[in-house]
Amino acid sequence: MPKTFRGVVAAAGAALLALLMAACAQDTDQPSASTVQTAPEPLSACELLSNAAIPGVEIATAEALAVSERRIQLPAPVTLRREVPHCRIVGTIDSAIGFELLMPDEWNGKFLMGGGGGYVGSIQNSAEELPIPGGSALERGYATVGTDTGHQAGVMDASWALNDPQAQENFAHRAVHRTAEVSKQIIAQYYTDEPAFSYFFGCSRGGGQALISAQRYPQDFDGIISGAPALDWTGFASGMIQTQQRIFPDPSDLSAPVITAQNRELLNDSILAQCDTLDGLADGILTDPRMCAFDPATLPRCESGPAADCLTDTQLEAIQSVYSPVVIDGEELYTGWPFGGETVGWPAWITKAEGGPALPPGAPPNAHFGFGTQLVKNFIYSDPQWTYVDYDFDDWAERSAPVAELLNATDPDLSQMRDRGAKLIVWHGWSDSALSAIDTIDYYEAVGALDSSADEYLRMYLMPGVAHCFGGPGPDQVDWIGAIEQWVEQDIRPAELIAQKRDPSGNITMQRPICPYPQQPRYSGSGDASNAASFVCAAD
């Protein structure tokens, strides 16, 4: 048993000794058989935490477990099983914020919080749920926690936020902060020692939670990993509304998108034909989509209605809405999405997955539709009946400003985080159809423009061919936890990192370097394209 349990074990022993002494002090007359009772088993060190007195915290479950099991749906439906003995705490903070804290018997002395996705709505912990080389947080010995951010709902459902400022604030930033605070208190009680280092790992909404923690609560974490961050909610919502106005012009008829599967195949093939070899390698991956000058308007136009090998005017307009920024009165609200996700991410995020089951009534046809309309209805206009039909964004700036102030993680001033010595790694997949990598680049450059020393505490990596958080033709798994540990604990600034791709059986099928921006991986001109040794990091 680790020495860090000495405080709680002593407390349990003292409680047991008190019970024994009390029993000895009772009448020594022999009781009748009918009055003999079996003494209850003493509470374990973990179970004793059910009585922990922490203001605003209610603990519903405190149990010692030999195995952690959690069901996830993405990247594929599976039950993750971690054979790590641990103490599991489930509770509620401030009567609303649900959390689950896992504390391993063999503790490494550190704390790692995992972020959530979408509108969250259930307890999520990406440090346990996303594939990370080197193992999950619990497998590495971390005490790790996740939160539902203060509400129970589907991941694409924001109806809980309607006219509820407290629920909105919890989701925006407060829930992560309070969960981190409370977790550290419970950890200190359990191990009789505080974490030596505290980290945060998140992607998508979790990536935004990472950045907003760095900006609003720089004292919470020593190292932060922000993947594909949802950092500009009002910005990307405007982009999502723009795409859906043209892909599903009638939101009451979601049976078929304007952009078909054949359109996407034609797009993908044409983009790769023009741009795949710009990086010196024909592999179906664009190293930097910004270098691709492909114009969808050059594709064949249909003369007699929709067909597989051409585009109608309506289809071309819908396609261009994805790549084009949202511009109102000369001001860009959101950048467009780069080339690269047409066959990988567009079906789930932008158009519609063909061949699947019929959608239930009210279900969104894709994630742009779901996330975009839910934010507008429940945060910006507070009108569940709002529709994008004929909407022209004329009052968007005014109506979205309070929501931007609440939700967005776009403040480039990281001086407080910098001054306490914390570190931040940001990464984004180039083929992400959910959130544009261009937006993340813009944020990174804004930090650098404000602070010339940003390179001392901030690193960004762009991942060619990687979709939203995972997936895509490019290698999508990196030991981000190991990289941030070395930077924070050993002052080893991350440089080239190795990304890997695995098949469903877990076998590595590809390894390539990813490079600190603005460097990019360059093929050496010879060697196995699945071997990282065939590439070097170089800047233009």
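Preceding this paragraph is the structure being described.
In this text, all values refer to a predicted model and were calculated from it rather than measured experimentally.

Caption draft 1: Up close: the state of the cysteines. Enumeration over the complete set of coordinates arrives at 5 disulfides. Residue Cys 46 pairs covalently with Cys 87 via a disulfide, S to S 2.0 Å. Taking the sign of the S-S torsion, 75° for the link of Cys 46 and Cys 87, the bridge is right-handed. Placement of the pair is Cys 46 in the loop between α1 (6-24) and β1 (57-65) and Cys 87 in strand β4 (residues 86-93), with a sequence separation of 41 residues. Each of the two residues, Cys 46 as well as Cys 87, counts as buried. Paired through a disulfide, Cys 515 and Cys 537 show a sulfur-sulfur distance of 2.1 Å. One disulfide, between Cys 515 and Cys 537, carries an S-S torsion of -85° and so falls in the left-handed class. Here Cys 537 lies in strand β17 (residues 535-538) and Cys 515 lies in the loop between β15 (508-514) and β16 (520-523), a separation of 22 residues in the sequence. The two residues Cys 515 and Cys 537 agree in class, both being buried. With its disulfide-bonded cysteines labelled consecutively along the sequence, the chain is connected as 1-2, 3-8, 4-5, 6-7, 9-10.

Caption draft 2: Examining the pairing of β4 more closely. In terms of residue burial, β4 counts as a mostly covered element, since 6 of its 8 residues are buried. Examined bridge by bridge, β1 and β4 share 8 bridges and lie antiparallel to one another. Among the inter-strand pairings, Thr 61 is bridged to a residue of β4, identified as Val 90. Between β4 and the antiparallel strand that follows it, strand β5 (residues 97-104), lie 3 residues; Asp 94 among them carries a positive phi value of about 55°.

Caption draft 3: Quick peek at the side chain of Thr 147. Tracing the backbone through its elements, the reader meets Thr 147 in strand β7 (residues 143-147). Relative accessible area serves as the criterion here: at 3%, Thr 147 is assigned to the buried category. Within the structure, the side chain of Thr 147 is placed 2.8 Å from the backbone oxygen of Gly 98, a separation counted as a polar contact. Setting aside residues up to four positions removed in sequence, Thr 147 forms contacts with Ile 97, Gly 98, Phe 99, Met 113, Val 120, Ser 122, Ile 123, Gln 124, Ala 175 and Thr 179.

Each value, and the rule that gives it
- Residues numbered from 1 in each chain as written.
- Predicted model: local features only at pLDDT ≥ 70, side-chain atom pairs only at ≥ 80, totals over all residues.
- Heavy atoms only, no water.
- Disulfide = S-S within 2.5 Å.
- Helix = DSSP H or I, 4+ residues; strand = E, 2+ residues; numbered from the N terminus.
- Buried < 20%, exposed > 50% of the residue type's maximum accessible area, 1.4 Å probe, protein only.
- Pairing = 2+ DSSP bridges.
- Polar contact = N/O pair within 3.5 Å; in protein donor to acceptor, adjacent residues only side chain to side chain.
- Contact = heavy atoms within 4.5 Å.

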